[in-house]
Amino acid sequence: MTQSDSGVSAANGAPLVVLEHVDKWFGDLHVLQDINLSVARGEVVVVIGPSGSGKSTLCRTINRLETIDKGTITLDGQPLPQEGKELARLRAEVGMVFQSFNLFAHKTILENVTLGPIKVRGQKKAEAEKRGLELLDRVGIAHQSAKYPAQLSGGQQQRVAIARALAMDPKVMLFDEPTSALDPEMIKEVLDVMVDLARQGMTMVVVTHEMGFARTAADRVVFMADGAIVEEGTPEEFFTNPRSERAQDFLGKILKH
Amino acid sequence: MEPVIDNLDLYWSGFLTSLEFIVYSLVGSMLLGTLIAAFRVSPIAALRSFGSAYVTVVRNCPLTIVLFFMAFGLPELGINYSFFTFGIVGLVIYTSAFVCEALRSGINAVPAGQAEAARAIGLTFSQTMREVVLPQAFRSAVPPLGSVQIAMFKNSAVAGAFGIGGDLYSVGRTLTSARGFEYIPVLTGVAIGYLVITLSAGAALAVIERKVAIAR
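Reading the values: rules and limits
- Residues numbered from 1 in each chain as written.
- Chains lettered and ligands numbered in written order.
- Predicted model: local features only at pLDDT ≥ 70, side-chain atom pairs only at ≥ 80, totals over all residues.
- Heavy atoms only, no water.
- Helix = DSSP H or I, 4+ residues; strand = E, 2+ residues; numbered from the N terminus.
- Rg over C-alpha atoms; globule rule 2.2 N^0.38 Å.
- Buried < 20%, exposed > 50% of the residue type's maximum accessible area, 1.4 Å probe, protein only.
- Contact = heavy atoms within 4.5 Å.
- 1 Å grid on protein atoms, 1.4 Å probe; cavity = no way out; pocket = protein on both sides within 12 Å on 5 of 7 lines; lining within 4 Å.
- Points joined across faces, edges and corners; volume = space filled by probe spheres on them.
- Pairing = 2+ DSSP bridges.
- Nonpolar A, V, L, I, M, F, W, Y, C, P; charged D, E, K, R; others polar.
- Salt bridge = Lys/Arg side-chain N within 4 Å of Asp/Glu carboxyl O.

With respect to the overall build of chain A
Looking only at helices and strands, one finds 10 helices and 10 strands in chain A. In terms of overall dimensions, chain A is globule-like: its C-alpha atoms have a radius of gyration of 18 Å, near the 18 Å expected for 257 residues. The buried share of chain A, taken over its 257 residues, is 54%. Counting only contacts in chain A whose residues sit at least 6 apart along the sequence, the fraction spanning at least 24 positions is 67%.

This is the structure:
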């Protein structure tokens, strides 16, 4: 029933993720101010902005790891449910990659990738492992599948985290500063995987400081400052000709070196 | 040490009875304590309140009072079981509050990102606890859980004083009161019986701790 409902509402061309008039406060701090954002199917949206601008919070509201105080968020036509089984079901459709990787420390690499498919999707272990190994191969970690997360480098862990999210066949992938905790030489290996994903048509919301990635892979750049979306546009427009003073200032600071 | 050597068979059966009592109490308090700990971190406010009320009441109530309730309170309500059973129930209730808190310290030591990642792939709260949080929480809670359980082993002697029957404590009482043996050798024998249990538990803990250690 719900299946066909969402099928109807998600008719081709309808945006996959829609945020309307979203507000959020942390105590007195107004971290998200009247956010309106829609992400089309297959679109890659890169969110940039100074620290504390609310971009990570925005990313985390989309699978309700952060709750919102006002406004609505819909995913594939369905409003985000309250905490419970429904929400868990919806989160399974949204892949998330964290700044600090958050691989399950007590599970092997392969178990990290197969836990969701087995427990949430009810797949057979053998089936989940076969697919898990394929995904690990795709991100170049298949030969390390029996190791534990702490035995891998940061870049490798983050690629496993991407494979773990992909194992759920998500409709959209959220990346919350995926390269911010990595050494410079490991950033590229993670970005390469992300660029690949973008090319294959994955819908992505990426919070990042990697301007190079934004230029190559983004369909749209969203610039946030002080909890609000200040400006959005194609990477070309945004990087060569930012309209707002805030964005000009930000780009001036980060592109100088 | 003659009274001990002459009554080794009695000591042996007392040792086994105490051990049986302890094993039941251990398993029961771990299960109940884990459940209460899950309540205390649950997203449902009513369960959280119940969990913290349980810990507050039980942890702050002397063990002897809990056991008096079991020995004399429940029979007044028409609930009658052997004191072996009541003793286990009392000790499980009492110890589970401490297990809960030891485990909660372990849960707090699991980085929040672990639970977030689990929820992000669609695990429900109970799956997140079972698959991701608790296995890691147990690992870092091994030392405090060990202390709690060793305390429980010794508390089983308090339950023994209420009359479990046939346990190490009552062996001591039988030999001194009924048969008139001297206290020092008899009680030394009882103490050795408990030491065998607690020291081997300590050794087992050290092994467990080494086995479950995870790198972060």
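Here the narrative resumes, following the displayed structure.
Quick word on the layout of surface pockets
Roughly 780 Å³ of volume is contained in the largest pocket. Elements that contribute at least two residues to the lining of the largest pocket include exactly helix 3 (85-91) of chain A together with helix 2 (8-40), helix 6 (112-120) and helix 7 (125-161) of chain B. Considering each element in turn, the lining of the largest pocket owes the most residues, five residues, to helix 7 of chain B.

A short note on the sheet that holds strand 1 (residues 17-26) of chain A
Residues and elements named next belong to chain A. The strand order across the open sheet built from four strands is 2-1-4-5, with neighbouring strands paired in antiparallel fashion. Bordering the open sheet on either side are strand 2 (29-39) and strand 5 (78-79), each of which pairs with just one other strand. Here strand 1 runs beside strand 4 (residues 70-75); their pairing, made up of five bridges, is antiparallel. When the sheet's bridge partners are listed, Glu20 is paired in strand 4 with Thr72.

Describing empty space enclosed by the protein
All names here are of chain A. This structure, assessed with the given rule, holds one cavity of 30 Å³ or more. Here the largest cavity is characterised by a volume of approximately 50 Å³. For the largest cavity, the full set of lining residues is Arg138, Val139, Leu166, Val193, Asp196 and Leu197. Looking at the lining of the largest cavity, the element that brings in the most residues is helix 7 (residues 184-199), giving three residues. Within the lining of the largest cavity, the residues separate by chemical class into four nonpolar, no polar and two charged.

Some details on the interface of chain A and chain B
It is common to give the size of an interface as the accessible area that goes away when the parts come together. Listed by partner, the interface residues are 24 residues for chain A and 20 residues for chain B. Between Lys119(A) and Glu131(B) there is a salt bridge, with its nearest N and O atoms 3.4 Å apart. Contributing elements (two or more residues each) for the side of chain A that touches chain B: helix 3, strand 6 (94-97) and helix 4 (109-119) of chain A. For the side of chain A that touches chain B, a count of residues per class yields 13 nonpolar, four polar and seven charged.

All we've got here are geometric facts, nothing functional implied.
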